[in-house]
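Listed below, chain by chain, are the residues.
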Amino acid sequence: MLLKSLVATLPFFLAVYANPLRRFVCNNGKRTANAQCCVWFDVLDDLQANLFDNECGEEVHESLRLTFHDAIGFSKELNRKGQFGGNGADGSIMHFIDIEGAFPANNGVDDIVELQRPLAIKHGVSFGDFIQFAGAVGVSNCPGSPRLEFLAGRPNVTQPSPPDLVPEPSDPIDQILKRFADAGFTPNELVALLASHSIAAQDHVNPNIAGSPFDSTPGLFDSQFFIETLLVGDTIPGGGKLQVGEVRSPLEGELRLQSDARIARHPGTACEWQSFVDNHDRMANAFRAAMSKMAILGQNRNKLVDCSDVIPVPAANTKQPTLPAGKTMADIEGSCKATPFPTLTADSGPETSVLPVPK
Ligand code: HEM
Ligand SMILES: *[C@@H]1O[C@H](CO)[C@@H](O)[C@H](O)[C@H]1NC(C)=O
């Protein structure tokens with residue numbers, strides 16, 4: 001009898017205790033785990049309506065890049081030497097855009113900073129929180145992306161990041177690996193973070209072909225970036241000449257960064273790179289974990305409140321990984337010694353040109 005009533009009440013206990021999520025009801029009727037998270041629903045609506053148009057477009061790409069350029073301002077080595085090593089994901093890039101925006105690697109980030117700042121001020125949230133929130137919301141607009149964690153509570157800062165902490169595409173790979181290690185990332189985590197370049201384009205490396213993406217599907221969080229960076233580079237997109245930090249790409253209209261090309265082929269990173277090619281879940285999970293770490297660089301996780309339930313659930317990506325039309329497996333420069341490159345089928349249709357060929 002006792003057992004029977006226990007079993008009968010089990011679903012209730014499970015609902016209340018095993019799943020204590022979304023207990024608070026905000027003024028706007030939205031439910032969340034923590035009352036402090038209510039403000040973020042308003043920020044979410046504002047971002048989607050007035051910055052992102054609910055799409056995975058340019059502003060989303062720029063917002064994701066900004067999460068990195070704010071957070072990477074963090075150096076254990078400088079701290080060890082008794083110098084100021086930066087506060088990481090602290091919003092300093094927004095507070096001190098006059099200073100940090102002048103660092104060469106931050107070329108172009110002022111555009112998104114100026115678009116985001118008024119929204120952060122309007123909603124009374126710290127710049128550091130706003131930048132990471134905008135990145136997480138933005139990524140959720142890209143089909144195939146993981147639902148990123150979002151923790152709130154970073155204080156507003158009073159000091160800019162030290163210079164020379166943001167990597168450049170022309171930096172030697174050993175220097176890039178060292179820089180990431182100094183910020184607390186393993187080589188595998190660097191590769192995972194570079195899944196961001198699956199939803200990315202450039203304006204400033206080669207301004208003659210501004211807007212050219214790093215893979216053929218910049219609106220999808222997919223593995224095409226990891227595939228296409230391993231194709232033979234035989235094209236100078238847009239004609240003209242290669243710029244500093246740019247190397248030959250496989251497709252007209254697609255730009256390949258020197259750093260991406262080299263990390264894809266470096267013995268310390270090539271196998272992790274290749275492992276994402278036909279394993280979407282592995283790529284998405286690794287990106288999510290590394291982004292969780294990056295978003296709170298220099299911050300104390302225990303002082304932050306988990307507002308992840310405000311982040312929308314991303315749509316799935318149904319497109320299978322393929323070789324771009326016109327390419328074959330012979331065009332792949334497999335770089336992982338341990339395992340062969342997985343066999344992919346080619347896209348049908350005419351040879352891919354991700355952008356109209358410039359006239
Ligand atoms: C080795 C490290 C990295 C290098 C050298 C690098 C370099 C670059 C460069 C040169 C651009 C083009 C910017 C422009 O000309 O407009 C770019 C774009 C971008 N990067 Fe990275 N990046 C690195 C890592 C990361 C990481 C860790 C993230 C984020 C988690 C990230 C996210 C992005 C995004 C989303 C864009 C596209 C921006 C847009 O479309 O406007 N990058 N990156
Ligand atoms: C952060 O600093 C900016 C610029 O000084 C200010 O406008 C904003 O109100 C501050 N936000 C918080 C949450 O303190």
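Being a predicted model, the structure only gives us computed values, none of them experimental.

### As for the coordination of the iron atom of ligand 1
- Exactly one donor from the protein chain reaches the iron atom of ligand 1: His197 (NE2), at 2.1 Å.
- When you line up the elements, His197 lands in the loop between helix H10 (187-193) and strand S4 (201-202).

### Observations regarding the state of the cysteines
- Within the structure shown, the criterion is met by four disulfides.
- Residue pairing for Cys26: its cysteine sulfur links by disulfide to Cys38, the two sulfurs lying 2.1 Å apart. Handedness of the Cys26-Cys38 disulfide follows from its S-S torsion of about -85°: it is left-handed. Taken together, the residues Cys26 in the loop between strand S1 (24-25) and strand S2 (31-32) and Cys38 in helix H2 (residues 38-52) connect sequence positions twelve residues apart.
- Judged by relative accessible area, Cys26 falls into the buried class, the value being 5%.
- The exposure class assigned to Cys38 is buried, which follows from its relative accessible area of 19%.
- With its sulfur 2.1 Å from that of its partner, Cys271 forms a disulfide with Cys336. The sign of the 90° torsion about the S-S bond sets the Cys271-Cys336 disulfide as right-handed.

### Here we look at the UniProt feature "site: Transition state stabilizer" (unreviewed entry) in the protein chain
- UniProt records the feature "site: Transition state stabilizer" (unreviewed entry) at Arg65, using the numbering of this structure.
- Within the fold, Arg65 resides in helix H3 (residues 58-71).
- The class of Arg65 is partly exposed, set by a relative accessible area of 33%.
- Once residues within four sequence positions are removed from consideration, Arg65 is found in contact with Ala105, Asn106, Asn107, Gly108 and Val109.

### Observations concerning the packing of H2 against helix H7 (residues 109-123)
- Contact geometry for H2 and H7: axes closest at 11 Å, N-to-C directions at 145°. As for how H2 packs across H7, the hand of that crossing is right-handed. In contact with Val39, Asp42, Val43, Asp46, Leu47 and Leu51 of H2, H7 contributes Ile112, Leu115, Gln116, Leu119, Lys122 and His123.
- Taken together, the residues that form the contact of H2 with H7 break down as seven nonpolar, two polar and three charged.

### A short note on the UniProt feature "binding site: Ca(2+) 2" (unreviewed entry) in the protein chain
- Cross-referencing UniProt, the feature "binding site: Ca(2+) 2" (unreviewed entry) maps to Ser198, Asp215, Thr217 and Asp222 in the present numbering. These annotated residues cover 25 residues of sequence, and their C-alpha atoms lie no more than 9.5 Å from one another, placing them together at a single site.
- Tracing the chain through its elements places Ser198 in the loop between H10 and S4.
- Dropping the residues within four chain positions of it, Ser198 is found in contact with Asp215, Thr217, Pro218, Leu220, Phe221, Asp222 and Phe225.
- A polar atom in the side chain of Asp215 sits 3.0 Å from the backbone nitrogen of Thr217.

### Here's the deal with unusual backbone geometry
- One non-glycine residue, Asp53, lies in positive phi territory at about 50°.
- For Asn54, which is not glycine, the phi torsion reads 60° and is therefore positive.
- On the secondary structure map, Asn54 appears in the loop between H2 and H3.

The rules behind the values
- Residues numbered from 1 in each chain as written.
- Chains lettered and ligands numbered in written order.
- Predicted model: local features only at pLDDT ≥ 70, side-chain atom pairs only at ≥ 80, totals over all residues.
- Heavy atoms only, no water.
- Donors = N, O, S within 2.8 Å, 3.2 Å for Na, K, Ca; no water.
- Helix = DSSP H or I, 4+ residues; strand = E, 2+ residues; numbered from the N terminus.
- Disulfide = S-S within 2.5 Å.
- Buried < 20%, exposed > 50% of the residue type's maximum accessible area, 1.4 Å probe, protein only.
- UniProt positions renumbered as here; feature names shortened; annotations may be inferred.
- Contact = heavy atoms within 4.5 Å.
- Axes fitted to C-alpha atoms, helices over the stretch in contact; angles between N-to-C directions.
- Left-handed = near helix turned anticlockwise from the far one by under 90°.
- Nonpolar A, V, L, I, M, F, W, Y, C, P; charged D, E, K, R; others polar.
- Polar contact = N/O pair within 3.5 Å; in protein donor to acceptor, adjacent residues only side chain to side chain.

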